[in-house]
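The chain contents come next:
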There are 2 protein chains.
Amino acid sequence: MTTLAEVAARAGVTPATVSNVLRKRGKVGEATRQRVLDAVDALGYRPHLTARALAEGSAPTLALMVSSIANPFYPEFALAAERTARKNGRFLIVCNTNEDPAIARAYLDQIAGTLSEGVLVMNARLDFDDLDKTLARGTPIVLCMWERPDVSPGLPCVAVDFFAAGTLAARHLLELGHTRIGAIVASQRDGVQAARYEGFCHTLRAAGVAHAEQDVRFTRDEVQHGYDAACELLSACPDLTAIFATNDLPALGAMHAAADRGMRIPEDLSVIGITDIQLARESRPGLSTIAVPTDAAAAMAVELLEALIENGGREKEAPMRVAPDPVLVQRASTGRVRGV
Amino acid sequence: MTTLAEVAARAGVTPATVSNVLRKRGKVGEATRQRVLDAVDALGYRPHLTARALAEGSAPTLALMVSSIANPFYPEFALAAERTARKNGRFLIVCNTNEDPAIARAYLDQIAGTLSEGVLVMNARLDFDDLDKTLARGTPIVLCMWERPDVSPGLPCVAVDFFAAGTLAARHLLELGHTRIGAIVASQRDGVQAARYEGFCHTLRAAGVAHAEQDVRFTRDEVQHGYDAACELLSACPDLTAIFATNDLPALGAMHAAADRGMRIPEDLSVIGITDIQLARESRPGLSTIAVPTDAAAAMAVELLEALIENGGREKEAPMRVAPDPVLVQRASTGRVRGV
DNA sequence: ATGAAAGCGCTAACAC
DNA sequence: GTGTTAGCGCTTTCAT
């Protein structure tokens, strides 16, 4: 490993000067500048990020903590976040907590504030206590994809109106004439995804459409779980003409379940999800869904985090930035209710 | 931020002692140990990873460089790699080069050897020159998923016999009676994925089955590109009864293309891919594919990298570890050739 | 325009 | 058992 000192020696100057030319700081004579640059080149010198980080206080890195990198939504978000981070010369490192709070805590303890200047948190299954502690130690955090613009999580966040997303989905189905609609919620009843379901229920209620306890299943954000839930739903309520899922993955699973029962989509069953992940476009038939502004939210989250970092962390209130509203993307999985 | 020194002060000892109790090194009296632990607790002290890294020489981190985190194969690999890395207390940070060699180089320059002890490289579109330079600076690198166990890339690597994978795919199709087989290769003709296609061609040739220039398309590892390529293939050669794709994503695209042309799968067209990503299981119909030992390869790559790190980097030859061979996973997308 | 020196927070000999 | 002392590689005043 080549060090600053070695470069300095070869160029016949002191480390301070090398540092200056590299960071384009202070005044350095053109001649020495060249000599230094040549030495850097000859030695293949690369600044030691860790040493620099120690001296400066932190590394130019943002951490993105996700609960499961296997969920295709996260990579899409990560991609957008990275693009924004790199604009300001920062690296984005993604930390996969594997749905395990202990791992999440380990990352938070170790990475936050040392290897990274700040952390973006995405459904990482960490309780607010851990987050608060990290925050207290002075590392900025922003919650990505908070689901309710109307209530603050008490932490800096980027919110998307998922209640509205649920509303849009319900309205779309209603407009197509559906009145017997099953629901698949990809979380616990009181989980983070509840707002989506509430929006859905609220809209049904306002329209005077019944939605009973047996019309809903609570499960996880995976294709297979959506498949299973849809099977149950379709068996329990054969009169269902549509299924709403709070996430695209289980919606896809519901489509498969329907297909396996010989139902045609959308003739026999309409299916709609939320998010508009890439798979929604690529499935057959294409999945109708409520598109969430993933890229915008990611960019906003990074920008907010960077603002907090500049700011030094002393905010009065936990700031919230609200991303653009979700919009309906109609594809081939939803259609008018079948004639009776 | 709480520092070691502050903890030491509060516990009435020196930093060295605190360090010792924290790292369970050296001998420390039980009483002082408790006092130190209490102080740590009271102050909410967390070791500063950067400082520790500087003092020790490197951070307990492995970097995984991928060209596009959006490709669902990478997360699966990353997941397995992370599990292995964490066994030895290391973190895995994934760096997305976004298919851009410049970004790749930036990551390599900045992260390798400073923020991370070693780097795992996955199709990251970096040329061997950059890798060699990094290696020369003393940071171990291992190439993951090298496609040819029989030829060394000149860098430490984990190889999977993708030639064999192509062979298996071809053999499967042949056994089902197909003789008019189209191919979709998810890379340039001379790209990394060439071995798969070579294995395929070799087997066809050995069986005396013709495969002409017009029966193949070179494209990219994405559903949409597979879709487009399949459309071209199916138009140009309407007599095709099967399509082999070097990757699952384009294979999925081919299935969609067939469906859109009113062809039934597998009655009218058989489709087979390589890798066995999760989507292959979840698609309808399920995609027959040649399963690659992703988890095993990831574990081996991490272990090899860790070995190189321990070793200090002075290897005689670039070591290669060969992962278990690919195996056929037959699902519903392949069937006997349609009767004529 | 360039150099000297202190220090970021921690570890690791070695001395007491 | 516990303290002392040197760094790790870099940045950053402050002199010169």
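Because the structure is a prediction, the values reported are computed rather than measured.

Caption draft 1: Examining the overall build of chain A more closely. Each helix and strand counted, chain A has 13 helices and 12 strands in total. Relative to a compact globule of 340 residues, whose C-alpha radius of gyration would be 20 Å, chain A shows 25 Å and is clearly more extended. Over its C-alpha atoms, taken along the principal directions, chain A stretches across nearly 90 × 40 × 30 Å. When burial is assessed residue by residue, chain A has 56% of its 340 residues classed as buried. Taking the intrachain contacts of chain A between residues at least 6 apart in sequence as the baseline, contacts between residues at least 24 apart amount to 71%. Accessible surface, chain A: about 13700 Å² in total, of which carbon and sulfur atoms supply 51%.

Caption draft 2: Structural context of the relation of the copies chain A and chain B. Aligned on chain B, chain A shows an RMSD of 0.1 Å; the corresponding rotation is 180° and the shift along the axis is 0.0 Å. The two molecules are tied by a two-fold rotation axis, judged by turn and shift. Comparing interface residues between copies, 100% of those in chain A also sit at the interface in chain B, which points to an isologous, same-surface contact.

Caption draft 3: Molecular detail of the sheet that holds strand E10 (residues 288-291) of chain B. All names here are of chain B. Across the sheet, which stays open at both edges, the 6 strands sit in the order E7-E6-E8-E9-E10-E12 with mixed pairing between neighbours. In this open sheet, the two edge strands, each paired with only one partner strand, are strand E7 (216-218) and strand E12 (327-329). The sheet shows a mean angle of 20° between the axes of neighbouring strands, taken without regard to direction. With 3 bridges connecting them, strand E8 (residues 242-245) and strand E9 (residues 270-275) associate as parallel partners. The residue of E9 that forms the bridge with Ala 242 is Ser 270. Its contacts with the sheet place helix H11 (residues 248-260) against strand E6 (181-185), E8, E9 and E10, and it is angled at close to 165° to E9.

Caption draft 4: Representation of the interface of chain A and chain B. Counting residues at the interface gives 44 residues for chain A, matched by 45 residues for chain B. Buried surface at the junction of chain A and chain B, both sides included, amounts to about 4400 Å², of which 62% is carbon and sulfur. Seen at the junction of chain A and chain B, the total is 4 salt bridges. Between A:Asp109 and B:Arg46 there is a salt bridge, and its shortest N-O distance comes to 2.9 Å. Of all the secondary-structure elements, those providing two or more residues to the side of chain A that touches chain B are helix H4 (49-56), helix H5 (73-87), strand E2 (91-96), helix H6 (101-111), helix H10 (223-236), helix H11 (248-260) and helix H12 (278-282) of chain A.

Caption draft 5: Seen up close, the layout of surface pockets. Considered as a void within the structure, the second largest pocket measures approximately 630 Å³ in volume. What lines the second largest pocket is a set of 29 residues, and nearest its centre among them are A:Arg284, A:Pro285, B:His256, B:Arg284 and B:Pro285. Going through the elements one at a time, H11 and H12 of chain A together with H11 and helix H12 (278-282) of chain B are the ones with two or more residues in the lining of the second largest pocket. If you tally residues by element for the lining of the second largest pocket, the top one is H11(B), at 5 residues. Classifying every residue of the lining of the second largest pocket by side-chain character gives 16 nonpolar, 5 polar and 8 charged.

Caption draft 6: Local environment of the nonpolar core. Grouped together as the largest cluster of nonpolar side chains are 156 residues, with contacts concentrated most on A:Phe77, A:Leu120, A:Met145, B:Phe77 and B:Met145. Setting aside residues no more than four positions away along its own chain, A:Leu120 makes contact with A:Ala63, A:Leu64, A:Met65, A:Ala81, A:Leu92, A:Val142, A:Cys144, A:Ala301, A:Val302 and A:Leu305. Ranked by size, the runner-up nonpolar core spans 46 residues in total, among them B:Cys95, B:Ile111, B:Ile141 and B:Ala159.

Caption draft 7: View of the sheet that holds strand E9 (residues 270-275) of chain A. Residue and element names in this part refer to chain A. One open sheet accounts for 6 strands, arranged E7-E6-E8-E9-E10-E12; its pairing is mixed. Each end of this open sheet is capped by a strand with a single partner; those strands are strand E7 (216-218) and strand E12 (327-329). Between one strand axis and the next, the sheet turns through 20° on average, direction left out of account. Relative to E7, strand E6 (residues 181-185) is paired through 3 bridges, and the arrangement is parallel. By the bridge assignment for E7, Ala 183 is matched with Val 216. Those strands touched by helix H8 (residues 162-175) are E6, strand E8 (242-245), E9, strand E10 (288-291) and E12, and its axis lies near 160° from that of E9.

Caption draft 8: Inspection of the domain arrangement of chain A at higher detail. When cut into domains, chain A gives domain 1 (4-47), domain 2 (56-161 + 294-325) and domain 3 (162-292). Inter-centroid distance (C-alpha atoms) of domain 1 of chain A to domain 3 of chain A is 62 Å.

Caption draft 9: The protein's contact with DNA strand C, seen in detail. Neighbouring DNA strand C are 24 residues, the closest being A:Lys27, A:Gly29, B:Leu4, B:Tyr45 and B:Arg52. Near the protein, within 4 Å, the atoms of DNA strand C are sugar or phosphate in 80% of cases. At a separation of 2.3 Å, a phosphate oxygen of DNA strand C approaches a polar backbone atom of B:Leu4. Between DNA strand C and B:Ser19, the relevant distance is 2.9 Å, taken from a phosphate oxygen to a side-chain nitrogen or oxygen of the residue. Taken together, the elements giving at least two residues each to the surface near DNA strand C come down to helix H2 (15-23) and H4 of chain A together with helix H2 (15-23) and helix H4 (49-56) of chain B. Top contributing element to the surface near DNA strand C by residue count: H4(B), with 4 residues. When its residues are assigned to classes, the surface near DNA strand C shows 11 nonpolar, 8 polar and 5 charged.

Caption draft 10: Looking closely at the pairing of E10(A). Residues and elements named next belong to chain A. Alternating residues of E10 divide into Ser 288 and Ile 290 and Thr 289 and Ala 291, and every residue in both groups is buried. Sheet topology note: the E9/E10 ladder contains 4 bridges and is parallel. Looking at E10, one finds that Thr 275 is bridged to Ala 291. Inspection of the sheet shows E10 paired to E12 by 3 bridges, in the antiparallel sense. Residue pairing for E12: Thr 289 is matched across the bridge by Val 329.

Caption draft 11: Broad picture of the pattern of salt bridges. Residues and elements named next belong to chain A. As enumerated under the stated definition, the model contains 42 salt bridges over all chains in all. Here Glu 99 makes a salt bridge to Arg 220, at a shortest N to O gap of 3.9 Å. Of this pair, Glu 99 sits in the loop between E2 and H6 while Arg 220 sits in the loop between E7 and H10; the two residues are 121 residues apart in sequence, bridging distant segments of the chain.

Caption draft 12: Spotlight on the environment of B:Trp146. All names here are of chain B. Relative to the assigned elements, Trp 146 resides in strand E4 (residues 141-146). For the pair Trp 146 and Cys 157, spaced 11 residues apart in sequence, the C-alpha separation works out to 6.4 Å. In terms of polar contacts, Trp 146 uses its side chain to reach the backbone carbonyl oxygen of Arg 148, at 3.1 Å.

Caption draft 13: Structural view of the packing of aromatic side chains. Residues and elements named next belong to chain A. Taken as a whole and judged by the stated rule, the model has 12 aromatic pairs over all chains. Considering the side-chain rings of Phe 73 and Phe 77, the 6.4 Å spacing of their centres and the 45° angle between planes classify their relative orientation as tilted. Taken together, the positions of Phe 73 and Phe 77, both in helix H5 and 4 residues apart, correspond to about one turn of that helix. Across the pair, Phe 77 and Phe 73 agree in class, each one buried. Cluster of aromatic residues (ring-pair linked, three or more members): Tyr 197, Phe 200, Phe 218 and Phe 244.

Caption draft 14: Fine view of the protein's contact with DNA strand D. Taken together, 24 residues are adjacent to DNA strand D, and A:Leu4, A:Tyr45, A:Arg52, B:Gly29 and B:Thr32 come closest. In this structure, a phosphate oxygen belonging to DNA strand D sits 2.5 Å away from a side-chain N or O atom of A:Arg52. Looking at the surface near DNA strand D, the elements with two or more residues in it are H2 and H4 of chain A together with H2 and H4 of chain B. Considering each element in turn, the surface near DNA strand D owes the most residues, 4 residues, to H4(A).

Reading the values: the criteria
Residues numbered from 1 in each chain as written. Chains lettered and ligands numbered in written order. Predicted model: local features only at pLDDT ≥ 70, side-chain atom pairs only at ≥ 80, totals over all residues. Heavy atoms only, no water. Helix = DSSP H or I, 4+ residues; strand = E, 2+ residues; numbered from the N terminus. Rg over C-alpha atoms; globule rule 2.2 N^0.38 Å. Buried < 20%, exposed > 50% of the residue type's maximum accessible area, 1.4 Å probe, protein only. Contact = heavy atoms within 4.5 Å. Areas by Shrake-Rupley, 256 points an atom, 1.4 Å probe, with all protein chains shown as cover. Least-squares fit on C-alpha atoms with pLDDT ≥ 70 in both. Pairing = 2+ DSSP bridges. Axes fitted to C-alpha atoms, helices over the stretch in contact; angles between N-to-C directions. Buried area = accessible area lost by both parts, 1.4 Å probe. Salt bridge = Lys/Arg side-chain N within 4 Å of Asp/Glu carboxyl O. 1 Å grid on protein atoms, 1.4 Å probe; cavity = no way out; pocket = protein on both sides within 12 Å on 5 of 7 lines; lining within 4 Å. Points joined across faces, edges and corners; volume = space filled by probe spheres on them. Nonpolar A, V, L, I, M, F, W, Y, C, P; charged D, E, K, R; others polar. Core = buried A, V, L, I, M, F, W, Y, C linked by side-chain atoms within 4.5 Å. Domains from an automatic or database assignment. Near = heavy atom within 4 Å. Polar contact = N/O pair within 3.5 Å; in protein donor to acceptor, adjacent residues only side chain to side chain. Phe/Tyr/Trp six-rings, centres within 6.5 Å; stacked < 30°, edge-to-face > 60°.

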